[in-house]
Amino acid sequence: MFIFILTLAGFTCQVVRLVQAMSLARHPDCLCLGPKRSGKTHLLKALQDPDSIDETSYSTPTVGTSIYNIIFPTDGEDTLKSTGNIVKDGEDALKIGKKGKAVAPLKSIRVLEIGGNMAPIWRQYFDDVKKLIYVVDTANLCQISSAGVLLYTILAEPRLQNVRILLVLSKMDYAYRQMRNEALLMLQMSKLQKQIRQTVTIVEASSVSKVGFSNIYDWLKIP
Ligand SMILES: Nc1nc2c(ncn2[C@@H]2O[C@H](COP(=O)(O)OP(=O)(O)OP(=O)(O)O)[C@@H](O)[C@H]2O)c(=O)[nH]1
Ligand SMILES: [Mg+2]
C-alpha cells in the first residue's frame, strides 16, 4: 500500500511538471522564428552561454519547439547604454513604463524557438505574444527573399500588431554575407516599414563572434 502511494505521488509530480513545461511552451516571454537553418538555435544557445558556441559548433535542426531561459549578464549598466542599431524607444522603455512609473529591466527571459520546418503552423503560437525575434541568415542568398515574405506574413498577423519585433541579421562573421543595407533591400524592409504598425529593431549579429549581443540583451531586457 505504502509503495503504491509513493508511486502515485511520483506519477502525480511527473504530470504536474509536464503540465508546467507545456504551459511554459505555450506562454513564453518571447518567440523566436525564422526560416530553416537561419541560426535561431545557435543564437539562443550563445545568448544563454556565450562560451558554448564557436566556429566549430553545430546545431541540429529544431524539431518542434525548444525553450531557452536566458539570464542576462550582470556587467553593470554599460550594456544598457550601448548604442548601435537598436532603436531609442527601447532604451526609454527601460526607464519609464506606460503609466509614467520607473520600470526595472528584466533579469532573465524565456524564449521559445519554433523550428523553421514548423513555419506553416507558427501561427498556432501567436496568442499572448509580447516580443518576437525574427532571424534571417545574411549568408544565404537563396533564402533571404522568401525570409522577407515570411516576415511580412508575421507582421500582418492581427494578433501581433502590438508586439515588439527584433530582426536579427545573423551569421555576420561570414565573409560572403550580405551587408546590412543589401540584406534590408532584399527583405524589402523600407517598403514593409511603411505598411506595418510595429516598431522593428534591427541588429546585425553573429553567434560565433558575438557581434550585436549587447544590443540583443538590451532589447530582451525591455519589460
Ligand atoms: N559561422 C556561423 N555559423 C552559424 C551561425 N549561426 C548559425 N550557424 C550555422 O548554421 C547552422 C544552423 O543554425 P541553427 O541555429 O541550427 O538554425 P535554426 O534557425 O535553429 O534552424 P531550424 O531549427 O532548422 O529552424 C548551425 O549548425 C551553424 O553551423 C553564426 O552566427 N555564424
Ligand atoms: Mg533550431
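Each chain has its residues counted from 1, following the order in which its sequence is written. Chain A is the first chain written and ligand 1 is the first ligand written, with later ones labelled in order. Selection of residues for local features in this predicted model requires a pLDDT of at least 70, selection of side-chain atom pairs for listing and counting requires 80 or more, and totals for whole chains, interfaces and linings are taken over all residues.

**Points about the site of ligand 1**
Around ligand 1 there are 23 residues in total, and Gly39, Ser59, Pro61, Thr62 and Gly116 lie nearest to it. Per-element accounting of the shell around ligand 1 gives the leading share, 3 residues, to helix α2 (residues 40–48). For this classification, Asp, Glu, Lys and Arg are treated as charged, while Ala, Val, Leu, Ile, Met, Phe, Trp, Tyr, Cys and Pro are nonpolar and the rest, including Gly, are polar. Residue composition of the shell around ligand 1, by class: 5 nonpolar, 12 polar and 6 charged. Note on definitions: a residue is near a molecule or strand provided its C-beta atom, placed from the backbone, lies within 6 Å of it. Strands are runs of DSSP state E lasting at least 2 residues, helices are runs of H or I lasting at least 4, and numbering of each runs from the N terminus.

**Here we look at helix α5 (residues 141–155)**
An expected span of 1.5 Å times one less than the residue number is assigned to each helix. Across its 15 residues, α5 extends 22 Å between first and last C-alpha, which sits within 8% of the 21 Å expected from 1.5 Å per residue. To sort residues by burial, count the other C-beta atoms lying within 10 Å of each one's C-beta; a count of 20 or more means buried, 12 or fewer means exposed, and anything in between means partly exposed. C-beta atoms are built from the backbone. The set of residues buried in α5 consists of Gln143, Ile144, Ala147, Leu150, Leu151, Ile154 and Leu155. Contact definition: two residues whose C-beta atoms, as placed from backbone geometry, lie within 7 Å. Buried residues belonging to α5 abut β1 (30–33), β4 (131–137), α6 (180–186) and α7 (189–195).

**Quick word on the nonpolar core**
To count as a nonpolar core, a set of buried Ala, Val, Leu, Ile, Met, Phe, Trp, Tyr and Cys residues must be joined through C-beta atoms within 7 Å. If you look at the biggest cluster of nonpolar residues, it comprises 41 residues, and the most contacted ones within it are Cys32, Ile133, Tyr134, Val136 and Val168. If you tally residues by element for this core, the top one is α5, at 6 residues.

**Remarks on the UniProt feature "binding site: GTP" (unreviewed entry) in the protein**
Summarizing the sequence annotation, UniProt attributes the feature "binding site: GTP" (unreviewed entry) to Gly116 in the numbering used throughout. With 22 C-beta atoms packed within 10 Å, Gly116 lands in the buried category. When near neighbours in sequence (up to four residues on either side) are disregarded, Gly116 contacts Gly34, Pro35, Lys36, Arg37 and Ser38. UniProt positions are given in the numbering used here, feature names are shortened, and annotations may be inferred rather than shown by experiment.

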